[in-house]
Structures are given as structure tokens and as C-alpha cells.
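Listed here are the chains, written in short residue letters.
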Amino acid sequence: MSKLLGAALGILTAIGGFLDIGDLVTSSVVGSRFGLSLAWATVLGVIGICLFAQMSGRVAAVSGRATFEIVRERLGPRVGGANLVASFAINLLTLTAEVGGIALSLQLASSVDHRLWVPVALVAVWLVLWRVKFQVLENVAGLLGLCLVVLAVAVFLLGPDWGDLAHQALAPVVPSSEGTAQYLYYAVALFGAAMTPYEVFFFSSGAVEEGWTPRDLAQSRVNVLVGFPLGGLLSLSIAALGAIVLLPQGIQTNALSQVALPVAEAGGKLALVVLILGMVAATFGAALETGLSSGYTLAQYFGWSWGKKRRPAQAARFHLTMMISLLVGAGILMTGVDPVKVTEFSVVFSAVALPLTYVPILLVANDPEYMGDKVNGRLTNLLGSLMLVVVVVAAVAAIPLMIVTGAGG
Amino acid sequence: MTGDERPLGALVDARLHLLSRQVLDDDDVPVTTADDLELATADGRDLPLTGDDEVVVTAILTGPSLLTRVFGGRAPRSHDSAVPWRDVAALTTVVNLAVTWESLDVTWPERWVRNRVVGRIPGGRHDPR
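Please read these numbers as outputs of a predicted model, since none were measured by experiment.

J.: For this particular structure, what's the right way to read the overall build of chain B?
T.: Looking only at helices and strands, one finds three helices and seven strands in chain B. Going residue by residue from the N terminus, the α and β elements of chain B occur as α-β-β-β-β-α-β-β-β-α. Counting contacts in chain B only where the partners sit at least 6 residues apart, residues at least 24 apart contribute 43% of the total. Surface exposure of chain B reaches about 7700 Å², of which carbon and sulfur atoms provide 52%.

Next up, the structure:
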């Protein structure tokens, strides 16, 4: 019974923890401009994150080594160091976006300017990182994030023309009002939002924190393979809501109110309250994950003591890194930059950085010294290699597309 | 950990199996990464080496050695921050030490941050709840 409960909890937190500010913003912008015609990019991203999150978790469970230790060992101090600089910077950008997301969600609930909420969010995130146990922070944020199921409910309440939605998703064409470059730019953004590298840093380090052994792998596989696709479905629901309500009327506003508008139309105030609660939980959870990832990446590269399983004083530099990262992130937000813009940049730069993380994981997952007889099977390697091709194409295309379209135009 | 400890006398490629590996203390607390190695001849003779000299690893270097590994060049010997090789207990996919991390000179930055910053913030020395 308790095993079944544990399994259910794992799946539920995977669903609730899947969405972050990057998915919320990108999917809503895409929904209102392209309808469901970019659904394939989200699906591709979900397949990719399932594959590589699972792989990094398996490496962590079998060898006890988290992702950035492996990056350092495989790429050496120089290339690994360049990788660290890029990954840390992008993770910092994502952390900034997530803290901004908490503030924007609270602004939506209170009409108080988001900059006043930033210090509140900062202190709350830090307190949780400082004092709360890993398992608790992971489960609570994930379960509250489940409120976002209201997104899927809202799609049903609106009673859309399902045939039309399916046609948009399955026979995608670039809408006449948009250019091909814009279409491709947002495809890369959706892919980057789904596959953000911090998820793998967090997932593999979390496996070490929780002391996974090969026996936990079946459970983690179910969590990932059931939870992430259902989370991806919520991401598609946001795009669908945009396609149903906003696209026909040509409405484009601030991205988070753009999520809220159709939900309010479908389910009234109650649905809106549930949505905002879900958005606060999802962005808060992701802020915790990115905050931890800033500590994980740096500590693992340099070989410092790290982890929430230790007291802060037993992982001093790890905690100091997280504090400074949070302060820098909040500082960026206090300059008055638009958190939505920060988010858009963070997902595109994530796409650029994807190969830096995923290539070393694929290499080590095939190394018998680390994995013994648990190395990748042929199918996983085939899928992993194919996905890597997509990852590299997206990474190479991201910056040129950003320049051509003026960041989405 | 996969596999057993490498048997005594097994062939270890320093570049592949030592450099950039995680170093753990006797309680599996991460200490540092093996940034570089200090080598010496077995009979203590100085450079130049001949083909007959037996070279042994005398210490795992860290700190400033990372900078020279990344940017090249040589740091003065007085700047070396080293874990003596006699403290090494086992080699697997990590380097296991036989001593506790607090007894090592190389962990001074960690101890400094703990004593001056993190340990002074309320709750810093308590288990997370």
C-alpha cells in the first residue's frame, strides 16, 4: 500500500513539477500566435527530456555520480570549465525568470507591482533552500503544481471544435500572419523550454540526494514516462487555450495574463484562483530547482561538498553559491527588466546549451566502468543519438533565428 | 559504486582514471576534484629524467593547479595545494581517502566559508526539516 502511494506520489509530483515559467510563457505566446501548429515541438521536447532525465537518473543511481561531476570528468578542466560558465550563466538566467514568475503570478493575484513581490519571493525561496528537507520541498511544490490541471479542465469547459484542434496539431502549417523564421524560432523555444538543462542537473543530483540504487530505477522510469508526458499535456493545454480564445480574436497581451484570460472565461473566478495557486507553486518549485542547480553545477565541477541531505554548515560553499545566485537573480529583476523577456531569452539560450549537457550523459551511460552491466541498451542509444541530432540542430539554429526574427518579432 | 576496487598492481592511466575525478574523504564527503598530480622519481633524483627512472605520484593537487590546467603555465611551488598520496585509500570511479576532510589543508576555503559565513546564519548548523 505504502509502495503504491509512493508510486502515485512520484507520478503526481512529476506532473506538477514539469511546468515552469518557460513552459507557461512560451506555450501561451505560441498558442495565441500559432495555435496548435507547433504541438510537435512540445512533443519532441517531452520525448527528449524523458529520455535524458531517465538516463541521467540511471547513471546517478548506478554510479552515484551526478551530471556535472561527469561533465567535468569526461570533458576535462578546460572544456568542462567552459561548459560550466555557459551552464551556470543560463541556469542563473532561468533562476531569474522563475523568481520573476513567482512575482508575476502574485501580481496577477494582488495587482501589486511584481517588483514589490521579488524580495518576498527571494526570502521565501531562500528559507526553503536553507531549512527544508529535500523530499519535502520536492513533493510539496510538485503536488501544489497539480493545480495546473485546471488548464486541461478549462480546455474541456470551453467545448472547442476538437476536429479543428486536432487538424492544427497533426497537419501543421505556418499561419498566414506569421513568417517561417518566426515559426521555427518558436519551435526552438518550445523545445528548449521542455528540455531545459537544469532539469537534468536537478534530476540526477536529486537521485544522489535521495540515495537511489538500481532497485529504484523501475519506479523512476514510471515517474518520468507517465508524469512528464502528462505534464507536457498541460503545456499543450495552454497552447490550446490560446488557440481557442485568443488566436481568433487576435489578442496578444502580457504572457501570464494571456494564460489567465481563457481560464477565467472557461471556469470563472474559482478556476482563476486555482490557476494562480498552481502558477505560484510551479514557478516556486522551479525556482527551488534552479537555485539548487546553481549550487549543484558549481560544487560538482570543483568537487566541493554539496547537497540538501547535509547541514548547510557541512556544504558551506554550496549554500553560499545558492545565496549569491538568488541575490543576483533578484537584483536583475529589481532593475525593472520584464521577467517575460528574461524568460524568453532563457529558453532560447537553454536550447543553445543543450548539447553541452546531453553529450556527456550519453557517453557515460555507455561506459561500463561507471555503469557495469547497466549500460544503455541498443534502443535507448538509437533514440538518444537521434534526439542528439535534433538537439544539435536546435542549438545551432537558435541564435541565427533569434537574430533574423528579432527575438520572435 | 560499480565494480570492485582496482586490485593492487592494476594498470591505472593517470590521465583517464585520476585527473578530474572526485576525491571523497573517509565518510564519503566530497573534498575536491583531482585537478592535477604531483610526480617525483622514486629515488628522489631531480630533473632531467632518464628512461630508467621510476616515476611515482606523490600528491593530488588542487586549487591553483586548476588555473594552470585551464590557462596553461606553471604556478610557483609554494602555491601548491596538495592532498598527499599516502592519504589515498582506494581508486574506483572516485578517489577515496583514508582521512577526514577537516584534517586536510586543501579544505581551508570550505572551512573558512563555514566559520565566517554559513555557520553564523541561524539554522546553518541544524539538520534540514
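J.: Looking at this structure, I do not really get the packing of aromatic side chains. What am I missing?
T.: The relation between two aromatic rings is expressed through the spacing of the ring centres and the mutual angle of the planes. All names here are of chain A. By the definition in use, this model includes 17 aromatic pairs over all chains. With a centroid separation of 4.9 Å and 85 degrees between ring planes, the pair formed by tyrosine 301 and phenylalanine 302 is classed as edge-to-face. By the ring-pair criterion, three or more aromatic residues cluster together here, those being Phe34, Trp40, Tyr183, Tyr185 and Tyr186. The cationic tip of arginine 72 hangs over the ring face of tyrosine 301; the distance from NZ or CZ to the ring centre is 4.7 Å.

J.: Would you mind showing me how to read the sheet that holds strand E4 (residues 55–62) of chain B here?
T.: Residue and element names in this part refer to chain B. Sheet architecture is open: three strands sit in the order E3-E4-E5, paired in antiparallel fashion. Only two strands of the sheet have a single partner each, and these edge strands are strand E3 (36–41) and strand E5 (81–84). Sheet twist, expressed as the average angle between the axes of neighbouring strands with direction ignored, equals 40 degrees. Sheet analysis places E3 next to E4, joined by six bridges and oriented antiparallel. Following the sheet pairing, leucine 37 is matched in E4 by isoleucine 60.

J.: Can you help me understand the interface of chain A and chain B in this one?
T.: Accessible area lost upon the coming together of the parts serves often as the stated size of an interface. Facing the 37 residues of chain A at the interface are 37 residues of chain B. Taken together, the two surfaces of chain A and chain B that pack against each other cover about 3300 Å², and 51% of this comes from carbon and sulfur. Looking at the side of chain A facing chain B, the largest losses of area belong to Arg131, Arg317 and Glu369 of chain A, adding up to 20% of the total buried there. Inspection of the region where chain A meets chain B yields five salt bridges. Notably, a salt bridge pairs arginine 21 of chain B with glutamate 369 of chain A, separated by 3.4 Å at the nearest N-O pair. Connecting chain A to chain B are 17 residue pairs in polar contact (both at pLDDT 80 or more).

J.: Could you clarify how one ought to interpret the environment of alanine 353 of chain A in this entry?
T.: Position of alanine 353 of chain A relative to the elements: it lies in helix H14 (residues 339–364). Separated by 49 residues in the primary sequence, alanine 353 of chain A and methionine 402 of chain A have C-alpha atoms spaced 15 Å apart.

J.: Honestly, unusual backbone geometry in this entry has me stumped. Any pointers?
T.: Trans peptide bonds make up most of the peptide bonds, and negative phi angles are found at most residues other than glycine. In this structure, serine 111 of chain A takes a positive phi of about 60 degrees despite not being glycine. Summarising the element assignment, serine 111 of chain A is placed in the loop between helix H4 (67–110) and helix H5 (114–131). A positive phi angle is found at aspartate 28 of chain B, which is not glycine, with a value near 60 degrees. The residue aspartate 28 of chain B is located in the loop between strand E1 (22–24) and strand E2 (30–33) in this model. Aspartate 28 of chain B sits in the partly exposed class, given a relative accessible area of 45%.

J.: Explanation requested: the confidence of the model for chain B in the structure shown.
T.: Caution is warranted with low-pLDDT regions, since their predicted coordinates should not be read in detail. All names here are of chain B. With 88% of its residues at a pLDDT of 70 or more, chain B has an overall mean of 83. Here helix H1 (residues 14–18) stands out as the least confident element of chain B, with mean pLDDT 81; E1 is the most confident, with 94. In this model residues 1–6 is a low-confidence stretch, pLDDT under 50, and it forms 20 contacts with partners more than four residues away in sequence or in other chains. Complex prediction metrics read pTM 0.93 and ipTM 0.89.

J.: I'm lost on the nonpolar core in this one. Help?
T.: Within soluble globular proteins, side chains that are nonpolar generally end up buried alongside one another. Counting 129 residues, the largest nonpolar core has Phe52, Leu151, Leu275, Leu292 and Tyr358 of chain A as the members making the most contacts within it. Among the elements that make up this core, the one with the highest residue count is helix H12 (residues 255–302) of chain A (20 residues). Sequence-distant contacts of leucine 151 of chain A, defined by excluding residues within four places in its chain, comprise Leu19, Leu234, Ser237, Ile238, Leu241, Val259, Val263 and Leu275 of chain A. With 16 residues, the next largest nonpolar core counts Val23, Leu91, Val95 and Leu97 of chain B among its residues.

J.: Any chance you could explain the sheet that holds E2 of chain B here in plain terms?
T.: Neighbouring strands of a sheet are bound in pairs by backbone hydrogen bonds; such pairs are parallel or else antiparallel. Residues and elements named next belong to chain B. Taken in spatial order, the four strands make up an open sheet running E2-E1-E7-E6, and their pairing is mixed. Because the sheet does not close on itself, it has two edges, and the strands there are E2 and strand E6 (88–91). Across the sheet, the axes of successive neighbouring strands diverge by a mean angle of 25 degrees, strand direction being ignored. Summarising the sheet, E1 and E2 pair through three bridges and their orientation is antiparallel.

J.: What am I meant to see in a nonpolar patch on the surface here?
T.: Taken together, Val222, Leu225, Val226, Leu230 and Leu233 of chain A make up a surface patch of nonpolar side chains, about 390 Å² in accessible area. With respect to the secondary-structure elements, valine 226 of chain A resides in helix H11 (residues 217–249).

Quick notes on the rules
- Residues numbered from 1 in each chain as written.
- Chains lettered and ligands numbered in written order.
- Predicted model: local features only at pLDDT ≥ 70, side-chain atom pairs only at ≥ 80, totals over all residues.
- Heavy atoms only, no water.
- Helix = DSSP H or I, 4+ residues; strand = E, 2+ residues; numbered from the N terminus.
- Contact = heavy atoms within 4.5 Å.
- Areas by Shrake-Rupley, 256 points an atom, 1.4 Å probe, with all protein chains shown as cover.
- Phe/Tyr/Trp six-rings, centres within 6.5 Å; stacked < 30°, edge-to-face > 60°.
- Lys NZ or Arg CZ within 6 Å of the ring centre and 35° of its normal.
- Pairing = 2+ DSSP bridges.
- Axes fitted to C-alpha atoms, helices over the stretch in contact; angles between N-to-C directions.
- Buried area = accessible area lost by both parts, 1.4 Å probe.
- Salt bridge = Lys/Arg side-chain N within 4 Å of Asp/Glu carboxyl O.
- Polar contact = N/O pair within 3.5 Å; in protein donor to acceptor, adjacent residues only side chain to side chain.
- Buried < 20%, exposed > 50% of the residue type's maximum accessible area, 1.4 Å probe, protein only.
- pLDDT = per-residue confidence, 0-100.
- Core = buried A, V, L, I, M, F, W, Y, C linked by side-chain atoms within 4.5 Å.
- Patch = residues over 30% accessible without salt bridge, like charges linked within 9 Å, V, L, I, M, F, W, Y side chains within 5 Å.

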